[in-house]
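Coordinate analysis (summary)
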Amino acid sequence: MSPVVKIIQPSGILDGTKASQFRLEISDLVEAGADVVLIDFQDVTFMDSSGLGALVLALKTVRAAGSQLFVCSINEQIRILFELTSMDRVFEIFPTREAFNSKILI
């Protein structure tokens, strides 16, 4: 049986003003039975520490439910933020959604 994959695609700036809505969306997906959550950052132009905090809390929520969370399509600014905070070692990051599909949805 293939896993239930849900994709969330935030856009614009992921900061403190959007963080609570973002966490709520993740919680809703997990409650709806998602086995795998993919966060596609293709349309996110900037993420600050509040956005990163929301992402870490989302990861905890997803893992607590026994599900998995992956990230794809991060831009250079987000990649640098992940590297500076060592979050690139915590999250599995795919360069594109296609790369995620080929590895996870086999």
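Heads up: the structure comes first, above all this text.
These numbers were taken from a predicted model, which means no experiment stands behind them.

Given 3.6 residues per helical turn, the α-helix brings residues three or four places apart onto the same face. Look at helix α2 (residues 49-64): 22 Å from first C-alpha to last across 16 residues, which is about the 22 Å you get at 1.5 Å a residue. For α2, the complete set of buried residues consists of G51, L52, A54, L55, A58, L59 and V62. Mapping the buried residues of α2 onto a view down its axis gives an arc of 155°, with all of them on the same face. Opposite the packed face of α2, turned more than 90 degrees from it, sit the exposed residues S49, K60 and A64. Those residues of α2 that are buried are in contact with β2 (11-14), α1 (16-31), β3 (36-40), β4 (43-47), β5 (68-72) and α3 (76-84). A distance of 3.0 Å separates the backbone nitrogen of S50 from a side-chain oxygen at the start of α2, and that oxygen is part of D48.

With that out of the way, let us pick up the packing of aromatic side chains. A complete count under the given rule lists four aromatic pairs for this structure. Measuring from ring centre to ring centre gives 5.6 Å for F82 and F91, while their planes differ by 45°; the resulting arrangement is tilted. For F82, a relative accessible area of 0% translates into the label buried. Residue F91 is classed as buried on the basis of its relative accessible area, which comes to 4%.

The subject of this paragraph is unusual backbone geometry. Phi angles above zero are rare outside glycine, and S73 is one such case at about 60°. The backbone phi angle of S86 is positive, close to 60°, even though this residue is not glycine. Examined against the element boundaries, S86 turns out to sit in the loop between α3 and β6 (92-94). Judged by relative accessible area, S86 falls into the partly exposed class, the value being 29%.

Looking at the secondary structure, you find L59 in helix α2. For L59 and E76, which are 17 residues apart along the polypeptide, the C-alpha to C-alpha distance reads 21 Å. Apart from the residues lying within four places of it in its own chain, the contact partners of L59 are L69, V90 and F91.

Let us look at the pairing of β5. A regular strand carries its side chains on alternate faces of the sheet. Across the five residues of β5, four count as buried, placing the element largely inside the fold. Summarising the sheet, β3 and β5 pair through five bridges and their orientation is parallel. Across the sheet, residue I39 finds its bridge partner in β5, namely V71. As paired elements, β5 and β6 share three bridges and run parallel to each other. The partner of C72 across the bridge, within β6, is F94. Following the backbone out of β5, through α3 and into the adjacent parallel β6, one traces a crossover that is right-handed.

The rules we used
- Throughout this description, residue numbers start from 1 for each chain and increase along the sequence as written.
- Two thresholds apply to this predicted model, a pLDDT of at least 70 for residue-level local features and 80 or more for giving and counting side-chain atom pairs, whereas whole-chain, interface and lining totals are computed over all residues.
- Derived side-chain values reflect all non-hydrogen atoms in the structure, with water molecules and hydrogen atoms excluded from consideration.
- Counting from the N terminus, the helices are DSSP H or I runs at least four residues long and the strands are E runs at least two residues long.
- To estimate how far a helix should extend, the number of its residues minus one is multiplied by 1.5 Å.
- The buried label applies to any residue whose accessible area, calculated with a 1.4 Å probe on protein chains only, is under 20% of its type's maximum; exposed applies above 50%, and partly exposed to all values in between.
- Directions drawn from the helix axis to the C-beta atoms are what define this arc.
- Any two residues whose heavy atoms approach within 4.5 Å at even a single point are treated as in contact.
- The definition of a polar contact used here is a pair of N or O atoms within 3.5 Å, where within protein one atom must be able to donate a hydrogen and the other to accept one, and adjacent residues in sequence count solely through side-chain atom pairs.
- By convention, a stacked pair of Phe, Tyr or Trp rings (six-membered ring in the case of Trp) has centres within 6.5 Å and planes under 30 degrees apart, an edge-to-face pair has planes over 60 apart, and any other such pair is tilted.
- Only strands that DSSP links by at least two bridges are regarded as paired with each other.
- Looking down the strands as they point away from the viewer, one classifies a crossover as right-handed if the path from the first strand across the helix to the second runs clockwise.

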